[in-house]
Amino acid sequence: MEDKDTLADFLRSARARLTPADVGLPLNLHAAARRVPGLRRDEVAGLAGVSVDYYARMEQGRVTQASDAVVNALAEVLHLNEAERTYLFSLLSTSTGGRTQQRRRTHSVRSSVRTIMDSITGQPAFVLGVGMDVLAMNDLAKLLLKDFTQGAGLQRSLARWTFLDPAARALYLDWDDVACDVVAMLRHDARSHPNDRALNELIGELTVKSDEFRGWWSQHRVWKCTFGLKRFVHPIVGRVDVDYETFPVPGEPDQQLFVYSTQPGSTSSDALHILASWRTDQTDDAALESVR
């Protein structure tokens, strides 16, 4: 998709999510007669301090560069999060002509990063790349989620699994929230890697096979996963609530190390200990069978 179409869709979607009350505008006695959902173009333009004609041309794709002041004003008016603000800057950057520099994705994880990840034995940890491609996992992450390292190509994508595998829907207690965030993270990756064949193939497959993905993708939300809470209902140990933190891998701008943690002494912590012990028991049984 061309940048001008992406910009237009992004701006229209962002203003459609807001109401006059959200931005401090007085309620209109004729609000029921509003012909568009959310804010109107003239309302966005007025709040951002630009002319209606200028903003209209921006939504029509006839403005591809804007000053930092204008972009910041639009971001404030449209209540964009930090990832969405960065995304808008990339679409309207005066220094790049509205285009981001294409980066080549990397598929390998440095041995030192693997060592750090594997040393986190009591908590699930894994490394994600472009398209939420699972590049590496420690043993507990494989047990809590799925062993993505056994797959190849798109089968290693956490995003694909989230939408197309019924096991993911059963595992995530808040599947709708998780899946919506996944779409927003893929939108972020798509901007950084617009010509990535595997990523475009993934987005195409999800668009065709998932009504939910298609609906959320059209909303043009952008998100970078940094920290938060995930709740699971695991088939072996039941309910597990984890806090997650993400850490950028130095020298690899498209790789992030995810670490899940639980509160000491909590039922979720006990559940992870049981899960780890279950794996040990399974391994011991397999080893015993091999020597019989």
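Nothing here was measured: the structure is a model prediction, and the numbers come from that model.

Rules used throughout
Residues numbered from 1 in each chain as written. Predicted model: local features only at pLDDT ≥ 70, side-chain atom pairs only at ≥ 80, totals over all residues. Heavy atoms only, no water. Helix = DSSP H or I, 4+ residues; strand = E, 2+ residues; numbered from the N terminus. Buried < 20%, exposed > 50% of the residue type's maximum accessible area, 1.4 Å probe, protein only. Contact = heavy atoms within 4.5 Å. Areas by Shrake-Rupley, 256 points an atom, 1.4 Å probe, with all protein chains shown as cover. Phe/Tyr/Trp six-rings, centres within 6.5 Å; stacked < 30°, edge-to-face > 60°. Lys NZ or Arg CZ within 6 Å of the ring centre and 35° of its normal. pLDDT = per-residue confidence, 0-100. Pairing = 2+ DSSP bridges. Axes fitted to C-alpha atoms, helices over the stretch in contact; angles between N-to-C directions. Left-handed = near helix turned anticlockwise from the far one by under 90°. Nonpolar A, V, L, I, M, F, W, Y, C, P; charged D, E, K, R; others polar. Core = buried A, V, L, I, M, F, W, Y, C linked by side-chain atoms within 4.5 Å. Polar contact = N/O pair within 3.5 Å; in protein donor to acceptor, adjacent residues only side chain to side chain.

> Sorry, what's going on with the overall build of the protein chain here?
Of the regular secondary structure elements, the protein chain holds 13 helices and five strands. Counting all 292 residues of the protein chain, 46% fall into the buried class. Of all intrachain contacts in the protein chain linking residues separated by at least 6 positions in sequence, the fraction that spans at least 24 positions is 57%. If you sum the accessible surface of the protein chain, you get close to 15,200 Å²; carbon and sulfur atoms cover 52% of it.

> Even after reading the chapter, I still don't get the environment of Val178, so can you show me in this structure?
Relative to the assigned elements, Val178 resides in helix 10 (residues 175–192). Separated by 19 residues in the primary sequence, Val178 and Ala159 place their C-alpha atoms 9.8 Å from one another. Other than its neighbours up to four places away in sequence, Val178 contacts Thr162, Tyr172 and Lys230.

> It is not clear to me how the packing of aromatic side chains should be interpreted in this structure. Could you clarify?
Tallying each qualifying case throughout the model produces 12 aromatic pairs. Seen from their ring centres, Phe126 and Phe258 are 5.2 Å apart, and the 10 degrees between their planes marks the pair as stacked. Of this pair, Phe126 sits in strand 1 (residues 125–128) while Phe258 sits in strand 5 (residues 252–261); the two residues are 132 residues apart in sequence, bridging distant segments of the chain. Of the two residues, Phe126 and Phe258, both sit in the buried class. In textbook terms, an aromatic cluster arises when at least three aromatic residues are bridged by ring pairs, as seen for Phe126, Phe148, Trp161, Tyr172, Phe232, Phe258 and Tyr260. Sitting over the ring of Trp217, Arg187 keeps its end group 3.8 Å from the ring centre.

> Teacher, can you tell me more about the confidence of the model for the protein chain here?
When pLDDT drops low, the exact placement of atoms in the prediction is not to be read closely. For the protein chain, the average pLDDT comes to 84, and 85% of its residues sit at 70 or higher. Note that pLDDT drops below 50 for residues 95–101; the model gives that stretch 17 contacts with residues more than four away or on any other chain. In this model residues 284–292 is a low-confidence stretch, pLDDT under 50, and it forms zero contacts with partners more than four residues away in sequence or in other chains.

> What exactly am I supposed to notice about the pairing of strand 3 (residues 227–234) here?
Regular strands have side chains that alternate between both faces of the sheet. In this sheet, strand 4 (residues 238–249) lies alongside strand 3 in antiparallel orientation, the contact comprising eight bridges. Within strand 4, the position partnered with Phe232 by the bridge is Val240. The turn linking strand 3 back onto strand 4 is made up of three residues.

> What is the right way to look at the packing of helix 2 (residues 41–48) against helix 3 (residues 52–59) in this model?
Packed helices, taken two at a time, are described by their axes: the angle between them and the distance between them. Relative orientation of the contacting elements helix 2 and helix 3 amounts to 115 degrees, with a least axis distance of 9 Å. The way helix 2 lies across helix 3 gives a crossing that is right-handed. Mapping the contact onto sequence places Arg41, Asp42, Val44 and Ala45 in helix 2 and Val52, Tyr55, Ala56 and Glu59 in helix 3. Counted by class, the contact of helix 2 with helix 3 contains five nonpolar, no polar and three charged residues.

> Is there a simple way to think about the nonpolar core in this case?
The nonpolar side chains of soluble globular proteins are, as a tendency, buried together. Counting residues in each nonpolar core, the largest one holds 46 residues, and the members touching the most others are Leu145, Phe163, Tyr172, Leu186 and Phe232. The element contributing the most residues to this core is helix 10, with eight residues. Each residue touching Leu186, except ones within four places of it in the same chain, is listed here: Gly131, Met132, Ala159, Leu199, Leu202, Leu206, Phe213 and Trp217. Phe10, Leu39, Ala66 and Leu78 belong to the second-largest nonpolar core, a separate cluster that totals 30 residues.

> Where do I start with the sheet that holds strand 3 in this structure?
The strands making up a sheet are joined through hydrogen bonds of the backbone, oriented either antiparallel or parallel. The strand order across the open sheet built from five strands is 2-1-5-4-3, with neighbouring strands paired in antiparallel fashion. At either end of the open sheet lies a strand with only one pairing partner, and these are strand 2 (134–137) and strand 3. Across the sheet, the axes of successive neighbouring strands diverge by a mean angle of 25 degrees, strand direction being ignored. By the bridge criterion, seven bridges tie strand 4 to strand 5 in an arrangement that is antiparallel. Bridge pairing in strand 5 links Thr246 to Phe258.

> Looking at this model, I keep getting lost on the side chain of Ser157. Mind explaining?
With respect to the helices, strands and loops of the structure, Ser157 is situated in the loop between helix 7 (139–144) and helix 8 (158–164). Here the side chain of Ser157 touches Gly131 through a polar contact of 3.0 Å, landing on its backbone oxygen. Once residues within four sequence positions are removed from consideration, Ser157 is found in contact with Gly131, Met132, Asp133, Phe148 and Leu202.

> Could you clarify how one ought to interpret the side chain of Glu205 in this entry?
Relative to the assigned elements, Glu205 resides in helix 11 (residues 197–209). We classify Glu205 as buried; its relative accessible area is 15%. Residues within four places of Glu205 in sequence aside, it is in contact with Leu154, Arg160 and Leu164.

> How do you make sense of the environment of Met137 when you look at a structure like this?
Examined against the element boundaries, Met137 turns out to sit in strand 2. In this structure the C-alpha to C-alpha distance between Met137 and Leu257, which are 120 residues apart in sequence, comes to 9.5 Å. Setting aside residues no more than four positions away along its own chain, Met137 makes contact with Met117, Asp118, Ala125, Phe126, Lys142, Leu145, Lys146, Asp147, Phe148 and Thr149.

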